[in-house]
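# Working through the structure, step by step
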Amino acid sequence: MTKIQKPSFKRKDEKGIFQEIFNDPGLFWTALNFGAMKTGSIIGNHYHKETKVFVFLVRGKAEVIIEDISTGKRERKKLNEGTGILLADQRYTIQASPA
């Protein structure tokens, strides 16, 4: 049966808004999240041993820093409005950039 979803988690602070729309490992997607970051804010900066996170920018610009945990090597990716990136089993941080 189709059901109306409300966010299972919400956080609003000086960095912006983060909402976990749903989290159900039995579904095709484990989780669906939404966020709105303020310019200069940093989110993420953590690691999941097994995860797949797709970050899609609806508006603005951001920089994603991806770190290989075993080597410490870092890679920077710039996201612009209407672009996204799949992060799988990596440490990452996301920084909102001035538009």
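The text that follows walks through the structure, step by step, so that each part is easy to find. Quick caveat: nothing in here was measured; it's all calculated off a predicted structure.

What counts and what doesn't
Residue numbering note: each chain is counted from 1, following its sequence as written. This being a predicted model, a pLDDT of at least 70 is required before a residue's local features are given, and a value of 80 or more before pairs of side-chain atoms are given or counted; all residues contribute to the totals for chains, interfaces and linings. Side-chain calculation: all heavy atoms of the structure are included, whereas hydrogens and water are not. By definition, any uninterrupted DSSP run of H or I lasting at least four residues is a helix, any uninterrupted run of E lasting at least two residues is a strand, and each is numbered from the N terminus. Accessibility here uses a 1.4 Å probe with only protein chains present; expressed as a share of the type maximum, an area under 20% marks a residue as buried, one over 50% as exposed, and anything in between as partly exposed. DSSP calls a pair of strands paired once it identifies at least 2 bridges connecting them. A cavity here means a set of 1 Å grid points, computed over protein atoms only, where a 1.4 Å probe fits but cannot escape. A pocket is an open set with protein on both sides within 12 Å along at least 5 of 7 lines, and lining residues have an atom within 4 Å of a point. Grid points are joined across faces, edges and corners, and a volume is the space filled by probe spheres set on the points. In this classification, the charged set is Asp, Glu, Lys and Arg, the nonpolar set is Ala, Val, Leu, Ile, Met, Phe, Trp, Tyr, Cys and Pro, and all remaining amino acids, among them Gly, are polar. The working definition used for a salt bridge is a side-chain nitrogen of Lys or Arg within 4 Å of a carboxyl oxygen of Asp or Glu.

Here we come to the overall build of the protein. Looking only at helices and strands, one finds 0 helices and 9 strands in the protein. With 99 residues in all, the protein has 22% of them scored as buried.

When strand E6 (residues 61-67) meets strand E7 (residues 74-80), the two strands line up antiparallel, connected through 7 bridges. Looking at the pairing, isoleucine 66 lines up with glutamate 75 of E7. In this antiparallel pair of consecutive strands, E6 and E7, the connection spans 6 residues, and glycine 72 shows a positive phi of 80°.

The subject of this paragraph is empty space enclosed by the protein. Counted under the stated rule, the structure contains 1 cavity of 30 Å³ or more. In this structure, the largest cavity occupies an estimated 30 Å³ of space. Surrounding the largest cavity, Arg11, Lys15, Gly16, Ile17, Phe18, Ala36, Met37 and Ile43 form its lining. Every element with two or more residues in the lining of the largest cavity is listed here: strand E2 (16-23) and strand E3 (31-37). Sort the elements by how many residues they give to the lining of the largest cavity and E2 lands first, with 3 residues. By residue class, the composition of the lining of the largest cavity is 5 nonpolar, 1 polar and 2 charged.

Moving on: the pattern of salt bridges. Where charged atoms from two side chains of opposite charge come close, those side chains can pair. According to the stated counting rule, one finds 5 salt bridges in the structure shown. Between arginine 74 and glutamate 67 there is a salt bridge, and its shortest N-O distance comes to 3.6 Å. Using a relative accessible area of 55% as the deciding quantity, one classes arginine 74 as exposed. Given the relative accessible area of 17%, glutamate 67 is considered buried. One salt bridge connects glutamate 75 with lysine 77, and the closest N-O pair in it is separated by 3.0 Å. Looking at lysine 77, the relative accessible area reads 33%, which means it is partly exposed.

Attention shifts here to the pairing of strand E8 (residues 84-88). The alternating pattern of E8 places Ile85 and Leu87 on a buried face and Gly84, Leu86 and Ala88 on a face that is not buried. The pairing of strand E5 (residues 52-56) with E8 spans 5 bridges and is classified as antiparallel. Its bridge partner being in E8, lysine 52 is matched across the sheet by alanine 88.

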